[in-house]
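In case you want the letters, here they are:
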Amino acid sequence: MIPYGITMKKPALFLPLLALLLALFAPAPAPAAEPDIAKMPMIKAMQDSGTKFYYLGEHSGLHGWLILNNGRLNVLYLTPDKTGFIFSGSIISGDGGNITQLQIASAITKNDDLKARVEGLAAGKGAPPPAVSIEKEGMPVPGGAISPGEQLIADMESAAGMTVGEATAPLLMMVVDPRCPYCKETWRALRDVVSVGGLRVKLIPIGAQGSENEREAAVFLRAETPLATWNAFIDDDKSVLAGEATDRAIQQVRANGGIVLRWKIEHTPYLVYRDASGKVKIVVGQPDNMAAVLDDLVAR
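Residues numbered from 1 in each chain as written. Predicted model: local features only at pLDDT ≥ 70, side-chain atom pairs only at ≥ 80, totals over all residues. Heavy atoms only, no water.

Participant: Would you mind showing me how to read the environment of tryptophan 230 here?
Facilitator: Its place among the elements puts tryptophan 230 in helix H8 (residues 226–234). Judged by its relative accessible area of 1%, tryptophan 230 falls in the buried class. Tryptophan 230 sits 66 residues away from valine 164 along the chain, and the two C-alpha atoms are 9.6 Å apart. Every residue in contact with tryptophan 230, bar those within four places of it in the chain, is listed here: Val176, Pro178, Trp187, Leu203 and Phe220. (Helix = DSSP H or I, 4+ residues; strand = E, 2+ residues; numbered from the N terminus. Buried < 20%, exposed > 50% of the residue type's maximum accessible area, 1.4 Å probe, protein only. Contact = heavy atoms within 4.5 Å.)

Here it is in structure tokens:
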């Protein structure tokens, strides 16, 4: 007999209520532990060169870090299989929200060192010059006896890439990640000069192993009309780099990744060229003053 006239005709109704109460009073799940990536060769090389890493947490199976080097901020995500990285990407929610921006904002509020560095950048401190000479005292020459600048030029010339523009125009070599927004903006600042014959650009594509970036980079290496293909892709026509990449092209992109590791290239775009006097210059990241770079290249 059930007291107080209460019947138990629908006992299943109590189960959702019990589950709700358990959920309300259950302890919050522990935050994801930061993966130990410091021993990975690429990360070690970046840290040895002074790059700072600030953990952003985990979202959708991706562990992320805000990275700071030479006055520039970038974002790095570890691939779910923990064998590679995605650079310069953002996690966007199904309703269009920028998860990465929220992660960065949260990290800044929780880390006084990061907050101070970001505020310093906002105030204009620590920004690199538009272009710097590679011929610096103590600059390592990976595996060679020639000068650093000449070795870098040789490595860039041997890298897999697509050269666009007039054959007689000054040459700019540019390491690009197909999904890097700074690469796209840099190209938009260059393509008019290329189209009128004032500049030749060798596009050297890279991408994290196993990523869409890598596949697109490899497909680009087989483009029949590289200039038209790249312009269309930059204008958000993703179909031009759709489809499967050949094994050879994938290996070429990975070989380009080896050059990235060799020279500790941490940001894209990465521009290499000779100025009017013949000195080898590099620009790390999107140029702050593209006109100065073009003056170096075009005004000869």
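Okay, back to it.
Participant: What should I look at first to understand the packing of helix H6 (residues 181–195) against H8 in this one?
Facilitator: To characterise two packed helices, one gives the angle between the axes of the helices and the distance between these axes. For the pair H6 and H8, interaxial distance at closest approach is 11 Å and the crossing angle is 135°. Looking at the two axes, H6 sits oblique to H8. You can see that H6 and H8 cross each other, and the crossing is left-handed. Touching Lys184, Trp187, Arg188, Arg191 and Val194 of H6 are Leu227, Trp230, Asn231, Phe233 and Ile234, all from H8. Taken together, the residues of the contact of H6 with H8 break down into six nonpolar, one polar and three charged. (Axes fitted to C-alpha atoms, helices over the stretch in contact; angles between N-to-C directions. Parallel < 35°, antiparallel > 145°, perpendicular 65-115°, else oblique. Left-handed = near helix turned anticlockwise from the far one by under 90°. Nonpolar A, V, L, I, M, F, W, Y, C, P; charged D, E, K, R; others polar.)

Participant: Just to check I follow, could you spell out helix H3 (residues 99–110) for this structure?
Facilitator: Since there are 3.6 residues in each turn of an α-helix, residues three or four apart along the chain are aligned in direction. Between its first and last C-alpha, H3 extends 17 Å over 12 residues, near the 16 Å set by a 1.5 Å rise per residue. Of all the positions in H3, only Ile99, Thr100, Gln103, Ala107 and Ile108 are classed as buried. (Expected span 1.5 Å × (residues − 1).)

Participant: What should I look at first to understand the pattern of salt bridges in this one?
Facilitator: A pair can form between side chains of opposite charge whenever their charged atoms are brought close. With the rule as written, the count across this model stands at 12 salt bridges. As a salt-bridge pair, glutamate 150 and arginine 274 come within 2.8 Å of each other at their nearest N and O atoms. Taken together, the residues glutamate 150 in helix H5 (residues 148–158) and arginine 274 in strand E9 (residues 270–274) connect sequence positions 124 residues apart. Between lysine 238 and aspartate 236 there is a salt bridge, with its nearest N and O atoms 3.5 Å apart. The class of lysine 238 is partly exposed, set by a relative accessible area of 40%. Classification of aspartate 236 as exposed rests on a relative accessible area of 52%. Each of Arg179, Glu212, Arg215 and Glu216 takes part in salt bridges that share partners, so that together they form one network. (Salt bridge = Lys/Arg side-chain N within 4 Å of Asp/Glu carboxyl O.)

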